[in-house]
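Each chain is listed here by its residues.
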Amino acid sequence: MAGLHPVVVVTGATGAIGSATASVLVRRGARVVLLARPSDRLASAVKRLGGEETRVSSVPVDLSSLSSVRSAAREITRTVGHVDALLNIAAVFSREYHKTKEGFELMLATNHLGPFLLTNLLRDRLVGRGRVITVTAPSSTRVDLDQLTNKSTFRALDTFGATKAANLLFTFELARRAKRWEVRVNACHPGLVRSELMHEAWAPIRAVTRIVSRPPARAAEDLADLAISPAHEGTTGWFFKGTKRIEPPKSTVDQLAQSALWKRTAELVELENAGF
């Protein structure tokens, strides 16, 4: 990990896992850039973590908006010389179909398209031992981006599951592509963590989740390890539960599916020749 104070960019920084992870990173001496929707919560998070005195700053971003992602990437590029780790933590769940201004379904845009674009736009800051860790789940839901933009076929849990499977497909394809830039790429399943993620879910799901979920502290420690620990300096293309390697669903290790998803996603976000 380069530098005395590794630079870590954290999306979803005002959520349960993101906030807890940022706290652990600051405690371990990292310089942390908090990314979240512009709000009083983001300003409060910077203040709570000590602000500039503890090397904490923020960049507002709405991951469901590709224009907002591009603006955030420009700001990070302008202010940070090197990104030692990018933690893609942000995610949303919605029971209802919502279309973004750019015409995408909300969960697809926030959970997959936004992180895909942000990661690629930060390529030149990640080059040379940078790490990308994407928080996801072991989902085997079929991923069809064209279907996921169609309101008539919208099913909330299926769409959410597909975005989580897309995170894995993206991770494994990126791991191969990023080797030439010496960037390490992994995915992490934090387990069920108490958060606001499923607050729109149906009551039985919320009840069960509350019972079996754990506080975010353990997940935060694990993510910080993956981000800055020397133990994971050479690790790439792995799927973790905590800091233990696990096998991903078979459907997500299909290289043709990974490549196809990458190509279609790049078209949707108009990546063109930028990125990995």
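Shown above is the structure to which this text applies.
Residues numbered from 1 in each chain as written. Predicted model: local features only at pLDDT ≥ 70, side-chain atom pairs only at ≥ 80, totals over all residues. Heavy atoms only, no water.

Participant: Account for empty space enclosed by the protein, naming residues and giving values.
Facilitator: Per the stated rule, a full pass over the model turns up one cavity of 30 Å³ or more. A volume near 30 Å³ is recorded for the largest cavity. Asn88, Ile89, Ala90, Asn111, Pro115, Thr134, Val135, Lys164 and Asn167 together form the lining of the largest cavity. Elements with a contribution of two residues or more to the lining of the largest cavity: helix H4 (106-121), strand S5 (131-135) and helix H7 (156-178). Of the residues belonging to the lining of the largest cavity, the class tally is four nonpolar, four polar and one charged. (1 Å grid on protein atoms, 1.4 Å probe; cavity = no way out; pocket = protein on both sides within 12 Å on 5 of 7 lines; lining within 4 Å. Points joined across faces, edges and corners; volume = space filled by probe spheres on them. Helix = DSSP H or I, 4+ residues; strand = E, 2+ residues; numbered from the N terminus. Nonpolar A, V, L, I, M, F, W, Y, C, P; charged D, E, K, R; others polar.)

Participant: Quick rundown of helix H3 (residues 66-79)? Include the residues and the values.
Facilitator: Along its 14 residues, H3 runs 20 Å from first to last C-alpha, staying within 8% of the 20 Å computed at 1.5 Å per residue. Of all the residues in H3, the buried ones are Leu66, Ser68, Val69, Ala72, Ala73 and Ile76. In an axial view of H3, the angular spread of the buried residues amounts to 155 degrees, which keeps them on one side of the axis. Within H3, the exposed residues directed more than 90 degrees away from the buried face are Arg74 and Arg78. The inward-facing, buried residues of H3 contact strand S1 (7-11), strand S2 (31-36), strand S3 (56-60), H4 and helix H10 (255-268). (Expected span 1.5 Å × (residues − 1). Buried < 20%, exposed > 50% of the residue type's maximum accessible area, 1.4 Å probe, protein only. Arc of directions from axis to C-beta. Contact = heavy atoms within 4.5 Å.)

Participant: So what's going on with the pairing of S2? Residues and values would help.
Facilitator: By the criterion of burial, S2 is predominantly enclosed, with five of the six residues buried. Handedness of the β-α-β unit built from S1, helix H1 (residues 16-27) and S2 comes out right-handed. Bridge analysis of S2 against S3 gives five bridges, and the strand direction is parallel. When the sheet's bridge partners are listed, valine 33 is paired in S3 with serine 57. (Right-handed = clockwise from strand over helix to strand, strands pointing away. Pairing = 2+ DSSP bridges.)

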